[in-house]
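Fold and contact review
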Amino acid sequence: MAILSKIRNRSGLLLILIGFALLAFVVQDLFSNGFKSISKDVGSINGKDIAYEDFRTKVANVEKNGQNGQQMTTLQASNQVWNQEVSIALLTAEFEKLGLRVGEKHIVEVFKADPNIGQNPMFLDATGKFDVKKFKDYFKSNPEGIQILKQREEDAELNAKYQIYNSLVKGGLYTTEAEGKFKYEAEMNKVTFDFVAVPFSSIKDSDVKITDEEILAYMKTKEKKFKSEETRELDYVLIQEKPSAEDEAEVKNKINSLLTSRIEFKNGKNDTIPSFQSAKNVADFVNQNSDIPFDSTYIAKQDLPAEHADKLFALATGEVYGPYMFSNYYCISKALGRKAGAKSKASHILISWEGTQVPNKKEKRTKEEAKAKAEGLLAQAQANPSMFMILAMSNSDDSSAQQGGDLGYFGPGQMVKPFNDFVFNNPVGKIGLVETEFGYHIINVTDKQDAIRLATIAEKIEPSEATNDKIYTQATKFEMDAANKDFATLAKEAKLTVNPSVRVKPIDDNFGQISNQRQIVKWAFARDTNINDVKRFEITNVGHVIAKLKKVTEKGLMSVEEARPQVEGLLKNKKKAEMIKAKMTGSSLAAIAASNKVTVMTAVDLTLENAAVPGAGFEPKVVGTAFSSKAGQISKTIDGNSGVYVLVTKTVAKAPALPKYTDYVNKLKPQVVGNAGRFMQALKNDADIQDNRADFY
């Protein structure tokens, strides 16, 4: 009781102490985070916030569904959703500005364009046309249908507006008659001129110095071009978790021991353990001793390990081959039998009809029309089998048409039953017709392969616990030593390679060639990570990465160091041009050439389209000046791509005017139409986009 009384008496003091501790914790967090408020939004687009909770739900759905059957990481899903959110936000704003509206007809057309909906037999009427009522009734027949339909309609409405917007953009891009005329003249007008060229290479690069201030001043004149994202640059070494020579020897000994019978003492008596060759139940023997379970399927020679295929395929039943290495496994294989024609190869021509679930049909046809066409093609193929490839390329509704109908090799059960039965029940060279749910198939059996059934014991060669402990000790020591020693020198002493520097952005997932290493990227951008800091990261099934933060680049203008490779040469040529111009004086080309120790050259019949100056390369400014100069007069100096020029125009031959320039307008149209696809990037470039995902992922 006395103790409890003391606690009560001192409870006020205790609360004050706890309060101070909490305050210290909060203050420390504020300082470590730079007094930055924690946002509940993953970003914003032109001032419109994207709430984290909604964004997270969408990311979870994308991550769960994957893409093309491939598993997605959280960050990959995040990137996909973010790009969608940005595009939708920017496009929706454009739609609102233009007052775009769509009705049910537009939405229905979007639905019809989706093969999973527009060609689904459930939504087609008796004539094979899309039935809107059937489509709506299907969704309304279950409680969740109305909500699903609403979401589908919202997506379809957005898609319809996008199609209208895209059409408006394309419609706003056109080629005028004047542009066609300019194109014609650029191709057909010709100029001949004499010139003197003094190349930039006549002055050594070492004689021209470019300061950081000059590079920075140039960058500021083109800030958009030299805009830089926030990045971190790291050096790293990789210490791989790989088996030692002792680990490999242990696996080899284990596999070799299975080739001979042995006696083991168990339960007070000797027990004979059979060899792999003498084992009665091969499947059980494999499953007890192999990292890869027993597989009873027959394997064609082409599917066997290439290095050992000849010897494995030649095994007699009961014969054992090995030990041998395959990938990172140590193996022995036993032949269990051979099967003729286990794999087949075939080509086909698919003729479908309206109602089958086959996208991109070459033409619309009824089932009766499809059958008639298929029978006609069958007759042609049987009469002239060498024409089968051409017939498939020009008639088949299947994607294999591009390969002349070739489907490659396949085993029993891989194709739909009627197709499978025809191929495996007929000899090579047989051509016939079968019907499946996809349509009518004209099939040509082109090859068959024998296959062998093998029982294979394979044990993976992996690093042992003792080996991993040594690797861990080495990596940990390197991390500690690198904190106070030169990274490259230490790596050399340890016989490790410093990999090329890796530059990462805040929301990157991969680190160099190592995928899904968000932990390294997050460390590099952490507020308490400083230049020259070193940290070790353990990566499952890879090993240990020891990374050193080498450089920090904040968002804004690119650093002078980064820009120098792009800018220095350009600025040097400008300085060289001024030095060359000072010496390009004289009353004639011959005098100018003599003072610069070059010769007068002649360019004959050049055009603006073909502005390749002899001995100098592509020089449109030079050719353009020649066209605009008065014949017989020396031009002013011209700063070209490869040097400084002066010229005297001799003749300009202008092409005769045409009544219409339609052909030249048509030449320009494809390029103009191609520009329509650039509007999305243009919208992004002009938008105020704030990406805060790095705070959440």
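**Concerning the nonpolar core**
Nonpolar side chains in soluble globular proteins generally cluster together in the buried interior. By size, the foremost hydrophobic cluster in this structure holds 26 residues, and its most contacted members are Phe 55, Leu 90, Leu 91, Tyr 165, Phe 679 and Leu 683. For this core, the elements supplying multiple residues, two or more each, are strand S1 (41-45), helix H3 (52-65), helix H4 (74-98), helix H8 (145-171) and helix H24 (679-686). The leading source of residues in this core is H4, at eight residues. When sequence neighbours within four positions are dropped, the list of residues in contact with Leu 90 reads Ile 45, Asn 46, Met 680, Leu 683, Lys 684 and Ala 687. Counting 24 residues, the second largest nonpolar core, distinct from the first, contains Phe 226, Ala 577, Leu 589 and Val 644.

**So, the packing of aromatic side chains**
If you walk through the whole model with that rule in mind, you get 23 aromatic pairs. Taking 5.3 Å as the distance between ring centres and 70° as the angle between the ring planes, the aromatic pair formed by Tyr 165 and Phe 679 counts as edge-to-face. Of this pair, Tyr 165 sits in helix H8 while Phe 679 sits in helix H24, and the two are 514 residues apart along the sequence. The same class applies to Tyr 165 as to Phe 679, namely buried. In this structure, Lys 334 packs its charged tip against the face of Phe 276, placed 6.0 Å from the ring centre.

**Comments concerning a nonpolar patch on the surface**
On the surface, Met 387, Met 389, Ile 390 and Met 393 cluster together into a nonpolar patch covering about 370 Å² of accessible area. With respect to the element layout, Ile 390 can be found in helix H15 (residues 388-395). Residue class for Ile 390 comes out partly exposed when judged on its relative accessible area of 45%.

**Observations regarding the environment of Gly 128**
As for its placement among the helices and strands, Gly 128 is situated in the loop between helix H6 (115-118) and helix H7 (132-140). For the pair formed by Gly 128 and Lys 242, sequence separation is 114 residues and the distance between their alpha carbons is 61 Å.

**Considering the packing of helix H9 (residues 177-188) against helix H23 (residues 662-674)**
Taken N-terminus to C-terminus, the directions of H9 and H23 make an angle of 100°; their axes are 8 Å apart at the nearest point. Relative to H23, the element H9 lies roughly perpendicular. The residues of H23 that touch H9, namely those facing Glu 177, Glu 179, Gly 180, Lys 183, Tyr 184, Glu 187 and Met 188, are Tyr 664, Val 665, Lys 667 and Leu 668. A class-by-class count of the residues in the contact of H9 with H23 yields five nonpolar, one polar and five charged.

Definitions and limits used
Residues numbered from 1 in each chain as written. Predicted model: local features only at pLDDT ≥ 70, side-chain atom pairs only at ≥ 80, totals over all residues. Heavy atoms only, no water. Core = buried A, V, L, I, M, F, W, Y, C linked by side-chain atoms within 4.5 Å. Buried < 20%, exposed > 50% of the residue type's maximum accessible area, 1.4 Å probe, protein only. Helix = DSSP H or I, 4+ residues; strand = E, 2+ residues; numbered from the N terminus. Contact = heavy atoms within 4.5 Å. Phe/Tyr/Trp six-rings, centres within 6.5 Å; stacked < 30°, edge-to-face > 60°. Lys NZ or Arg CZ within 6 Å of the ring centre and 35° of its normal. Patch = residues over 30% accessible without salt bridge, like charges linked within 9 Å, V, L, I, M, F, W, Y side chains within 5 Å. Areas by Shrake-Rupley, 256 points an atom, 1.4 Å probe, with all protein chains shown as cover. Salt bridge = Lys/Arg side-chain N within 4 Å of Asp/Glu carboxyl O. Axes fitted to C-alpha atoms, helices over the stretch in contact; angles between N-to-C directions. Parallel < 35°, antiparallel > 145°, perpendicular 65-115°, else oblique. Nonpolar A, V, L, I, M, F, W, Y, C, P; charged D, E, K, R; others polar.

Read these as geometric descriptors, not functional statements.
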